[in-house]
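Descriptive structure summary
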Amino acid sequence: MSNFIVRKAAVLGAGVMGAQIAAHLANAEVPVVLFDLPAKDGDPNGIVNKAIDGLKKLEPSPLASKDRVAYIDAANYSQHLAELADCDLIIEAIAEKMAWKDDLYRQIAPFISSRAIIASNTSGLSINRLAEALPENLRSNFCGIHFFNPPRYMPLVELIATRETAPELLDHLESWLVSRLGKGIVRALDTPNFVANRVGVFSMLAVMHHTERLGLGFDIVDALTGPLIGRPKSATYRTADVVGLDTLAHVVDTMQATLADDPWHRHYAVPEWLKSLIAQGALGQKTRCGIFRKDGRAIKVLDLAARDYRDAVTDVDPAVLAILRNRNPAEKFAQLRASTHPQARFLWAIFRDIFHYAAYHLAGIATNARDIDFAMRWGFGWAQGPFESWQAAGWQAIATAIKADIDAGLAMSAAALPAWVFGRVGEQGVHGAQGSYSASADAYQPRSTLPVYRRQIFPERLLGEKAIDGITVWENDGVRLWTLPRIDDRVAIVSVKSRNHTLGRDVIVGMQEAVARAEADFSALVLWHEAPFAFGANLKEVAEAIAAGAFDLLDTYVGEFQNTSMALKYAKVPVVAAVQGMALGGGCEFLMHAAKRVIALESYIGLVEAGVGLIPAGGGCKEFAIRAARHAAKTGGNDPFEFLQPVFMTIAMATVSKSGVQARELGFAAETDKIVFNANELLYVALREARALAEAGYYPRLSPRGIKVAGRTGIANCEMMLANMREGGMISSHDYMVAKAAATALCGGDIETGSLVDEQWLLGVERKLFVELLKNPKTQQRIQHMLDTGKPLRN
């Protein structure tokens, strides 16, 4: 186990979770065998093949690239169990029935290698009890590994040891999950529903209890319990529909059956209205009807009083909305508690009860408060965990208010707050520089010291934890040039400071200065900041210049943007772009000009200028024209258009990659660029890539001369495609004009096919076409509409 590597994995159970776990293993280039029961008719692997086909249709896609599905092999328990012998990791993900799992474990045990890790994806059954179905020689290699749905996108994995699990097994598995699959790990105790579901499902039950008590509509509650309080857009009842009302009921039933001594036990019950929906087969999203349903474009919501569906509304009371917009958490919670409005009373009650519940159960369900807060962030999408929210609002004030409500009989349980709560008053809460509080150990516990976490220079922080600042070398209003001497004092880092990292004039000028200083004083430069990487040009600045008729100024701005791209490309030191999140328009062009890219898996990259009636003019079209010429030369052809055709459609349709892997396929990144699954490791990897390039004697390539372009013939070929799209109603006349401009830039201008040009010529073509489009009223309408609504206008 000292050199733990997963060369091949198996997933047992091709249901929703099993198939998507297999997909994410395939994303990480781990070959996986997906098992299920043999089909009763036809192909014995029919059940699994259907599940694999289903992966291709899901949105958001569980697959980082369509070709990843080729890493998943179909198998069934009757014919293929011998394939388990070659698997280093075996994940069981069948239905939550103990007897079924017992039978399966006994069936697979003879085929499992002694080196393999066996893990159950159960969402709440006892791991110790499950281990009893395995022979004794395999029990030390068994644990719980609870992924959250959807596995590609939800960071949380709960690891649960049994009494016999080898400690080093969990260390190796945690390290592998963190770095290879990009997960956030919480080591949960073997208690019903573990950590996230225990707290998260109780939170949903508390919402349901207070919804009914205060007579609020499900739609109003979802408006209150979504982004306004730092929760996902799906809020509470929409989340229940997405999870599946029957699945939610099953989890609640597990809590009711296994937590008889819990002070909240009477609330572990499925409401009658929910039982009624389940009995009718209205199970939520999977049956297209649940608490909500969609009628055409209208969203309907169940009205309990009318016993029918009505149009959903989102009418949050203005006074309550004003409270929620108060940025001072202490004032906000005090105002919610003091208000007599039902919506405010509801919000105070759900926060009070989740604080109470988490504090009471901390010692029994989690190692420390950090684990509960991260579990709720990573598994349920909360912006802050319950202890963070409590601490931010003032530990003592909230503790006093909760106790007063318990004493007054207002809380969902009469259980007293544990004594440790009042012992934290002097510490200002449970999170601090010394770590997070453990109620079971009565001590603050630091973060894990596993070596894998050294790769996270800036790990996700909790409230109260101090961040590393680095040392500033130079900065202006747009960028900051800085270093991390304890990591590498020879590699500089440049970070964009603007909102959404838009690329306005301060950024453009600042980036050129940062490159010049890196060339003078450092060995390499890394372009890094937290997501998004960049939203492209500052459209507000562009719109203001258009309104002033300052097109000469805009022409100069485009020229400076191009100069910055070229400075990145031809810097005397290697420039490595560390990319995560959105990298759109000019942001995409910046990363295309870097010497190398390190890209987080969840990166969404594209040249989207067509959405605002423009074309890429920061060197994006130029770079593709150069690559097309090189491709033609390498393949022995004379026509670069074969390479340009898919590129043209990508730009014309403003296609954005759905992953870092797909960004390589679309040509925004090179095959040699690294894809990092854990975005917290991005800077670590980028710094080492930059250092390696510098130590290898990096120097920039010479600017290419004699670039053969597709010219008029290439433009004509693009126009034929556009004509068909316009006739089919797929694009407007202005779309046609914009796309033709993109084709002209990609093909080197309206010149003879096969002409030889240089980079400056290509940049000039981009720049001229870009400024001409800026003068077009329809492009100006698109820009303004994007600024006003955040959405593209098709005019």
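Structure first, text after, so check above.
1. Remarks on the overall build of the protein
Helix and strand content of the protein: 30 helices and 23 strands. Taken against the 2.2 N^0.38 rule, which gives 28 Å for 795 residues, the C-alpha radius of gyration of the protein at 29 Å falls within 12% of a compact globule. For the protein, the C-alpha atoms occupy an extent of roughly 80 × 65 × 60 Å along the three principal directions. Looking at the protein residue by residue over its 795 residues, the buried ones come to 57%. Pairs at least 24 apart in sequence give 71% of the contacts found in the protein among residues at least 6 apart. With the model as given, the accessible surface of the protein reaches about 33000 Å², and the carbon-plus-sulfur share is 52%.

2. Some points on the environment of E158
Looking at the element boundaries, E158 is found in strand 7 (residues 156–161). With relative accessibility at 0%, the residue E158 sits in the buried group. For E158 and E174, which are 16 residues apart along the polypeptide, the C-alpha to C-alpha distance reads 9.6 Å. Excluding anything up to four places from it in sequence, E158 contacts G144, I145, H146, F148, V186, A188, F194, V195 and A196. There is a polar contact of 3.1 Å between the side chain of E158 and the backbone nitrogen of V195. Polar contacts involving the side chain of E158 include one to the main-chain amide nitrogen of A196, which spans 2.8 Å.

3. Overview of unusual backbone geometry
The omega torsion of the bond from E59 to P60 falls at 0°, within 30 degrees of zero and hence cis. Position of P60 relative to the elements: it lies in the loop between helix 2 (46–55) and strand 3 (72–76). For the peptide bond that leads from N149 to P150, omega is 0°, which places it in the cis range. Mapped onto the secondary structure, P150 falls in the loop between strand 6 (142–147) and strand 7. Within the chain, R307 stands out as a residue other than glycine whose phi angle is a positive 55°. Inspection of the secondary structure assignment puts R307 in the loop between strand 10 (298–303) and strand 11 (308–311). You can call R307 exposed: its relative accessible area is 77%.

4. Focus on the packing of helix 7 (residues 196–214) against helix 10 (residues 245–258)
Packing of helix 7 against helix 10 brings their axes to within 11 Å, and their N-to-C directions diverge by 105°. In terms of orientation, helix 7 and helix 10 fall into the roughly perpendicular class. Every residue of helix 10 that contacts helix 7 at R198, V201, M204, L205 and M208 is listed here: L248, V251, V252 and M255. Along the lines of polarity and charge, the residues of the contact of helix 7 with helix 10 split into eight nonpolar, no polar and one charged.

5. Some points on the side chain of T122
Of note, T122 is situated in the loop between strand 5 (117–120) and helix 4 (127–131). Polar side-chain contacts of T122 include one of 2.9 Å to the backbone nitrogen of L125.

6. Some thoughts on the state of the cysteines
For the structure on display, the rule yields zero disulfides. Residue C718 stays outside any disulfide, its sulfur separated by 4.8 Å from that of C747, the closest cysteine. Judged by relative accessible area, C747 falls into the buried class, the value being 1%.

7. A short note on the packing of aromatic side chains
On inspection of all chains with the given rule, the structure shows 29 aromatic pairs. With centroids separated by 4.5 Å and ring planes inclined at 50°, the aromatic side chains of F218 and Y237 adopt a geometry described as tilted. Of this pair, F218 sits in helix 8 (residues 218–224) while Y237 is found in helix 9 (residues 237–243), placing the two residues 19 residues apart along the sequence. Note on F333 and F351: the rings are 5.0 Å apart at their centroids and 85° apart in plane angle, and the pair reads as edge-to-face. Here F333 is found in helix 13 (residues 329–338), whereas its partner F351 is found in helix 14 (residues 342–365), with 18 residues between them in sequence. Residue F351 is classed as buried on the basis of its relative accessible area of 8%. Each residue in the set F333, F351, F355, F387, W390, W395, W420, Y437 and Y444 is aromatic and connected to the rest through ring pairs, giving one cluster. Across from the ring centre of F624, 5.3 Å away, lies the NZ or CZ of R627, which sits over that ring. One residue, R726, lies across the ring of Y736, its end atom 4.1 Å from the ring centre.

8. Section: the sheet that holds strand 21 (residues 674–676)
One open sheet holds the seven strands; their spatial order is 15-16-17-18-19-20-21, and the pairing between them is mixed. Each end of this open sheet is capped by a strand with a single partner; those strands are strand 15 (471–475) and strand 21. Going across the sheet, the axis of each strand differs from the next one's by a mean of 25°, ignoring polarity. Packed onto the sheet, helix 22 (residues 586–593) meets strand 18 (524–527), strand 19 (575–584) and strand 20 (596–606) and runs at close to 155° relative to strand 19.

9. Description of the pairing of strand 17 (residues 488–496)
Counting buried positions along strand 17 yields seven of nine residues, so the element is predominantly enclosed. When strand 16 (residues 479–484) meets strand 17, the two strands line up antiparallel, connected through five bridges. Each bridged residue has a counterpart across the sheet, and for L484 the counterpart in strand 17 is D488. Between strand 16 and strand 17, which pair antiparallel and follow one another directly, the connecting turn spans three residues. In this sheet, strand 18 lies alongside strand 17 in parallel orientation, the contact comprising four bridges. Across the sheet, residue V494 finds its bridge partner in strand 18, namely L527. Crossover handedness for the path strand 17 to helix 19 (residues 505–521) to strand 18: right-handed.

10. Notes on the sheet that holds strand 12 (residues 431–432)
Spatial strand order, 12-13-14: three strands in an open sheet with antiparallel pairing. Unpaired on one side and paired on the other, strand 12 and strand 14 (443–445) mark the two borders of the sheet.

11. Concerning the pattern of salt bridges
Applying the stated rule across the entire model yields 47 salt bridges. One salt bridge in this structure joins E695 and R691, with 3.7 Å as the shortest N-O distance. Of this pair, E695 and R691 both sit in helix 26 (residues 682–695), four residues apart, which is roughly one turn of that helix. A residue is classified by how much of its surface remains accessible, and E695, at 60% relative accessible area, is exposed. Residues D750 and R712 are paired through a salt bridge, measuring 2.9 Å at the closest nitrogen-oxygen approach. Remark: R712 occurs in helix 27 (residues 711–727) and D750 occurs in the loop between helix 28 (733–746) and strand 23 (756–757); sequence separation between them is 38 residues. Its relative accessible area of 42% is what places R712 among the partly exposed residues.

12. Brief notes about the packing of helix 20 (residues 539–547) against helix 30 (residues 777–789)
Where helix 20 meets helix 30, the closest approach of the two axes is 10 Å, and the angle between their N-to-C directions is 135°. The angle between the axes of helix 20 and helix 30 places the two elements in the oblique class. The crossing of helix 20 and helix 30 is left-handed. Every residue of helix 30 that contacts helix 20 at L539, K540, V542, A543 and I546 is listed here: Q780, I783, Q784, M786 and L787. Split into classes, the residues belonging to the contact of helix 20 with helix 30 amount to seven nonpolar, two polar and one charged.

Parameters and conventions
Residues numbered from 1 in each chain as written. Predicted model: local features only at pLDDT ≥ 70, side-chain atom pairs only at ≥ 80, totals over all residues. Heavy atoms only, no water. Helix = DSSP H or I, 4+ residues; strand = E, 2+ residues; numbered from the N terminus. Rg over C-alpha atoms; globule rule 2.2 N^0.38 Å. Buried < 20%, exposed > 50% of the residue type's maximum accessible area, 1.4 Å probe, protein only. Contact = heavy atoms within 4.5 Å. Areas by Shrake-Rupley, 256 points an atom, 1.4 Å probe, with all protein chains shown as cover. Polar contact = N/O pair within 3.5 Å; in protein donor to acceptor, adjacent residues only side chain to side chain. Axes fitted to C-alpha atoms, helices over the stretch in contact; angles between N-to-C directions. Parallel < 35°, antiparallel > 145°, perpendicular 65-115°, else oblique. Nonpolar A, V, L, I, M, F, W, Y, C, P; charged D, E, K, R; others polar. Disulfide = S-S within 2.5 Å. Phe/Tyr/Trp six-rings, centres within 6.5 Å; stacked < 30°, edge-to-face > 60°. Lys NZ or Arg CZ within 6 Å of the ring centre and 35° of its normal. Pairing = 2+ DSSP bridges. Right-handed = clockwise from strand over helix to strand, strands pointing away. Salt bridge = Lys/Arg side-chain N within 4 Å of Asp/Glu carboxyl O. Left-handed = near helix turned anticlockwise from the far one by under 90°.

Geometric descriptors of this kind do not, in isolation, establish any biological role.
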